[in-house]
Amino acid sequence: MRSNFSFRDDGCGSFEVEPLKVSQLVRRLTLTISFLFSLLCVSFGQTCLQKLDSARNFARSNPEKTNFYASELLADLDSGYCNPDIGIAGVYNNVGLLFWEINEKGRALDACLKGLANQLQFKDTTDVALLGMYYNLSRFYQEIGSYEEATRYLDYAGGVADAYDGANSTNLRLTYLLRRGIFKRETGKYLLSIEALQEASNIEDADDSTSIVVQIELGTTYRYAGNLDESERILLDAMERAKDRKILYHIAVDRIATVKMEQGEYSDAENYLLYNLEKQKEWARDAGQMLETLNTLGILYHKLNDLNAARQYMTEALNASPGTSVSRPYLVNNLGTIYMKQGNFSQAEIFFEESAAGFKKLFGSINPDYASSLSNLARIYKERGKLSKALDLYTKVLDMDNVIFGDNHPNYATTLNNVANLYLQLGNYSLAGKLLAKALDIRGDVLGKYHPLTIKTSGDLGRFYLLSKDTVSAMRQFDEALQAEIKHMQDIFPVLTDKQRQLYFTLARENVERFCSLAFTDSFINSIYAEQALNHFINTKGILFYASQKMRDLVQSSGDKGIQKIYDEWRDVKYKLAQIYLLPESERTKQNVSIGALEEQASALEKKLSLKFKVFADQEKSAYHTWREIAGSLEPGTATIDIVQYRNYGVKVVDEEIQQGFEDRSDYAAFIIKSDSTLTPVKWSQYEDFVKDFSRYRNSLEYGLPDSFSYVTFWSPLDKHLHDVQKIYFSPDGIFHKVNPSVFYDKNANLYVADKYDIINITSAKDLLYREERELKRDVKIFGNPDFSRISGYNLAQLPGAEKEAEEITNILDVRRWKTETHYFNEATEQRIKSLNNPGVVHIATHGYFEDDPDLTNPLFSSGLFLSRGGQADDGMLSAYEAMNLVLDQTKVVVLAACETGLGTVQNGEGVFGLQRAFLVAGSESVLISLVKINDQAARNFMNLFYEELKELRDPQAAFFGARKKFKEIDKNPYNWGAYVLVSKA
C-alpha cells in the first residue's frame with residue numbers, strides 16, 4: 001500500500017479503488033489528545049478573542065471569512081498586538097489549525113512553526129506543553145509529502161512521551177506509539193509499524209478505548225503486511241471488545257470485512273459491510289461516520305466486477321463527504337477508476353480532473369497525491385488517443401516526481417515507465433528504450449530485482465526489443481524477468497490465499513506462454529532459449545498444486561502446541577520475506593534485515609515441520625529445477641515427455657496504438673528427457689487442427705471405428721525418438737489431458753502404444769525429483785452405490801452395478817486378509833469420506849459430475865462426486881475443492897470408479913483442475929481415473945483384475961499395467977481397456 005492512497009497508473013491497464021486513509025477517518029478518535037486545543041489560557045485580550053471565535057465560527061460555512069479573521073489575528077500576533085498573557089504559542093497553534101482546515105497549507109505551517117518557536121523561548125524541547133504542536137507539525141508535513149520533516153517532529157513527540165513522568169504518562173506513551181505505528185504504516189514501513197503498535201498493545205493500565213484503537217490498527221497493519229490470518233484474529237478480538245462502543249465497533253467491522261475481502265471471502269465481507277451500514281444509519285448523526293463502510297463496499301463490488309453497485313456506494317460516500325472534506329478528492333479519484341473500468345473515459349476524465357484540482361487545492365502543485373491524479377488523467381488521455389496531451393501531463397508528473405522524490409525513486413521510475421510506453425506508441429523506439437532501461441535500473445537498485453514493479457519494467461523492456469525487431473534481446477530480457485518472477489512467486493505463495501495464488505499465477509502463466517511462443521519458433525526450438533522456456537514451464541506447471549490450505553488445517557487439528565508454535569514462527573518468517581521483497585534496498589539496510597538469512601530460517605523451520613507433516617516436505621518442491629536435474633533422476637530405459645500448450649504472441653504499433661496479445665488457436669511442443677541427459681524437442685505443425693483431431697479420436701473410440709489417424713496426429717512425432725524407452729512419465733497439457741496415448745494404434749507396426757510402453761501420467765516432471773517409497777497398507781475403504789434420492793436438483797439413477805463391484809472387490813481382498821471397510825447406499829456419505837484418515841486404498845464407485853462453467857471463480861468447484869447426504873451440513877456432493885483437504889498423506893492409491901472422473905477444467909500450464917488434482921493434493925500417491933463412460937460389466941471386469949493384481953504386488957503401478965494387459969486380452973475394444981488412466985505424483 002502506498003503512503004498516499006490515490007491510485008497511480010503503472011501502465012498495466014487496470015485500476016484499483018483504494019481504502020480511505022486511517023488518519024482521516026479515525027483521527028477524531030485516536031489522534032486528538034486532551035490538551036491539543038487547551039494550550040490557550042482562559043483569558044484572551046478582547047480583540048484577539050473575538051477574531052479567533054469568528055474564525056472558528058465560519059470555518060465550515062464560509063472559508064473566506066475564516067481566512068480573513070485568521071489573517072487578521074496572525075497579523076496581530078506577529079506585531080505583538082495580542083496580550084502575551086493569553087498564551088501566544090497556543091493562539092499560533094490554533095490559527096495554524098484553522099488555516100489547515102481551509103487548505104491554506106503554507107500559512108498553517110508558518111503559524112504552527114511560529115507558535116513552536118515562541119514556546120521554545122520558555123520551555124525545554126521535551127516539555128509536555130509542546131506535544132500537541134509536534135503532532136500537528138508531523139501530520140501537516142506528512143500530508144504534504146515531506147516525510148523527513150514529519151518523522152523529525154514525530155520523533156520530538158516521542159522524546160516528550162519518554163521524558164514525561166506525570167500522572168498521564170501511560171496514555172502519553174500509548175498515544176505516541178499509536179501515532180508512530182500509523183505513520184510508519186502510511187509510509188510503507190509495515191514491520192516498524194507492527195513493532196510500535198505491538199509495544200503499545202503491551203502497555204498495561206491504558207485507557208480501554210485507546211487500547212481497542214491500538215488493537216484495531218495493529219490488526220489493520222498485519223493486513224497491509226500480508227498476514228491475513230493474524231489480522232483476522234486480532235480484529236475479531238477487537239470487534240468483540242468494542243461491541244459496546246459504537247464507533248469503534250463499526251470501524252473494527254469495516255476492517256475485518258476488508259480482511260475477508262482480501263482472503264477472497266467476498267460473501268462474508270459483503271455481509272459484514274451491509275450489516276455495518278444498516279446499523280450506522282440507525283444511530284449516526286453525521287453521514288461522514290459511514291465513509292469507510294461505503295468506500296469499502298465500493299471496493300468490494302469493484303473487485304466483484306459489479307461496477308454499477310461499486311459506483312452506487314462510492315457515489316453515496318462522495319455525497320456523505322462534506323464539500324471541504326479532505327476525503328473528497330480520494331473518493332472522486334476512486335469513482336474515476338470505476339468509470340475507467342466501465343470504459344466511460346469521458347466521465348472518468350471529469351472525475352480525475354476534479355480530483356486533481358482538489359489535491360492541488362489541498363496540498364499545492366508539488367504533492368504526490370496531485371501527481372498521482374495527474375498520472376491517472378494522463379492515462380485517460382492516452383486511452384482516448386490524445387497522446388500529445390498525455391505526454392504533456394506525464395512529462396509534468398515526471399518533473400514533479402523529480403522535485404518531490406528525486407530521480408532515484410520508485411515513483412519517478414513509474415512515470416519514466418509510463419512515458420516510455422507512450423513513446424513506443426508514438427514510434428520513438430530509441431528514446432522509449434533508454435527510458436525503460438533507466439526505469440529498470442532505478443527499480444532494480446531501489447526495490448530489488450524480485451519486486452513486481454522491477455519485473456514489470458523488465459517485461460516492458462522485452463516488449464520494446466520485440467517492437468524493435470531484436471528477438472534475441474527480447475528473449476534475454478523476458479528470461480531475466482521470468483526468473484525473478486518465478487522466484488518471487490515461489491517465495492510468497494505460502495502466505496497467499498488460494499484466490500490470491502490463482503490471480504498471481506494467471507499473470508505469470510501468460511508471461512511464460514509469451515516466452516514459449518518466441519522460444520518455440522523454428523529458429524529457436526533447438527536453442528538455449530527453448531531449454532529455458534521448458535525450465536520455466538516445468539517450474540510453474542502445477543505450482544498451485546503444491547500450495548494448499550491443507551498445511552494450516554493439519555497443524556491446527558494436530559493439537560500439538562510445539563508444532564503449532566513452529567508453524568506460527570514459519571508463517572511469520574514467510575510474511576516477513578514477502579514484505580521485505582517489497583522494501584527498497586536502503587530500507588532493508590536501515591532495518592538490518594537479510595533476505596538470505598530469512599530464507600535459511602524458513603528452510604530450517606520447514607525441515608522441522610516436514611518431520612511431522614508430509615505436506616511440508618512439498619515446500620521443497622517450490623525450488624527452481626532444470627530439465628538436467630530431472631534427467632539425472634531417471635533410470636535407464638525411462639523418459640519423460642512434457643507437453644507444452646502455447647499460443648503465438650504478437651505485438652505491433654498500428655495508428656499510434658500498441659496492439660499485443662495471443663492468437664486464439666493453440667500450438668503444441670513436446671520435450672523428451674532421457675536418463676543420458678539428452679533433450680529432444682518436438683513440434684507439431686502449426687496447421688494441425690487438434691480440436692478436430694480430438695473429436696475424431698473420441699468418435700472412433702465410442703463407436704468402435706478403426707482409428708489409425710490419432711497415432712499419426714498425436715504420437716507419431718514422439719514415437720520416432722522413443723526406440724530405447726520402455727517406461728514413460730507423461731506430463732500432458734491442454735488437449736493432451738483428454739486423450740489416453742495408450743490406445744493410439746500404430747498401423748504400420750500393428751501395435752497399440754500400450755504394447756510398446758508403460759505410460760504413467762504425472763502433474764509435473766519435477767515430481768520425479770521427490771519420489772519416495774511408500775508401503776501399501778492393507779487397509780481399504782470402499783464406497784459404492786450411494787443413496788442419491790436426497791440430492792436436490794439432480795435425477796440420478798442408482799448404481800446397483802457399483803454395489804456389486806464393491807462386493808466383489810471386498811471378496812477378492814478378504815482372501816489375503818486385507819482390512820476392508822465397505823459403505824453402501826445411505827452409509828456412503830460425504831461426511832464419512834471427509835473423515836478418512838490415511839487408509840492404504842480408497843475406492844469410490846459412484847456418479848461423477850463435471851460442469852464446464854468458465855464463470856466459476858474456482859474451477860475446483862466444477863467437478864466432484866455424488867454421495868449420500870449424511871446430515872444437514874452435507875449436500876451429498878463432494879467437490880474437488882473439498883476433496884483437496886482430505887487426509888490421505890499415507891494413502892497409496894485412490895480409485896475413482898465413476899464415469900469420466902478424469903475430466904476437469906483444462907488450464908494451460910496448471911493441468912486439469914479436477915478430481916485427480918484434488919486427491920493428489922490431499923496426499924494420495926496415485927489416482928486411478930476414467931476418461932470415458934463404459935458399461936458396468938466392463939468396469940467390474942477391469943476393477944476385479946486390478947485388485948487381483950494389487951493384492952499380490954502391492955504396487956498400484958504394476959497392478960494397473962498388469963490388469964490392463966490381461967483385460968486387453970479379454971476385451972479387444974480399446975474404448976473399454978483404455979478407459980482408465982493412472983495419474984501419479986511420480
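Please refer to the structure higher up on the page.
What counts as what
- Residues numbered from 1 in each chain as written.
- Predicted model: local features only at pLDDT ≥ 70, side-chain atom pairs only at ≥ 80, totals over all residues.
- Heavy atoms only, no water.
- Pairing = 2+ DSSP bridges.
- Helix = DSSP H or I, 4+ residues; strand = E, 2+ residues; numbered from the N terminus.
- Axes fitted to C-alpha atoms, helices over the stretch in contact; angles between N-to-C directions.
- Salt bridge = Lys/Arg side-chain N within 4 Å of Asp/Glu carboxyl O.
- Buried < 20%, exposed > 50% of the residue type's maximum accessible area, 1.4 Å probe, protein only.

A. Looking closely at the sheet that holds strand β14 (residues 863–866). As summarised here, the arrangement of the 3 strands in space is β13-β14-β15, forming an open sheet in which the pairing is antiparallel. Of all strands in the sheet, those bounded by a partner on one side alone are β13 (848–850) and β15 (877–879). Mean inter-strand twist for the sheet, computed between neighbouring axes without regard to direction, equals 30°. Bridge count for β14 against β15 is 3 bridges, and the pairing is antiparallel. Bridge pairing links phenylalanine 866 to methionine 877 in β15.

B. How the structure looks around the sheet that holds strand β4 (residues 667–674). Taking strand neighbours across the sheet as the criterion, the 11 strands line up as β5-β4-β1-β6-β9-β20-β19-β16-β12-β10-β11 in an open arrangement whose pairing is mixed. Each edge of the open sheet carries a strand with a single partner, namely β5 (679–683) and β11 (819–825). Here the strands of the sheet are splayed against their neighbours by 20° on average, with no regard to which way each runs. Inspection of the sheet shows strand β1 (residues 638–646) paired to strand β6 (residues 727–731) by 5 bridges, in the parallel sense.

C. Region of the structure containing the pattern of salt bridges. In this structure the tally under the stated criterion is 38 salt bridges. Across the pair glutamate 72 and lysine 51 runs a salt bridge whose closest N-O atoms are separated by 3.7 Å. One end of the pair, glutamate 72, is in helix α4 (residues 63–79); the other, lysine 51, is in helix α3 (residues 46–57), and 21 residues separate them in sequence. In this structure glutamate 72 comes out as partly exposed when scored by relative accessible area, which is 34%. Lysine 51 sits in the buried class, given a relative accessible area of 16%.

D. Just the pairing of β4, in detail. Among the 8 residues in β4, 8 count as buried, and that is most of the element. Burial along β4 is two-sided: Asp667, Ala669, Phe671 and Ile673 facing one way and Tyr668, Ala670, Ile672 and Lys674 facing the other are all buried. Pairing between β1 and β4: 8 bridges, direction antiparallel. Among the inter-strand pairings, glutamine 645 is bridged to a residue of β4, identified as tyrosine 668. As judged from the 5 bridges shared by β4 and β5, these two strands associate in the antiparallel manner. Its bridge partner being in β5, isoleucine 672 is matched across the sheet by threonine 680. Counting the residues in the hairpin turn of β4 and β5 gives 4 residues, including serine 677, whose phi is positive at 65°.

No statement about biological role is implied by the geometric values presented.
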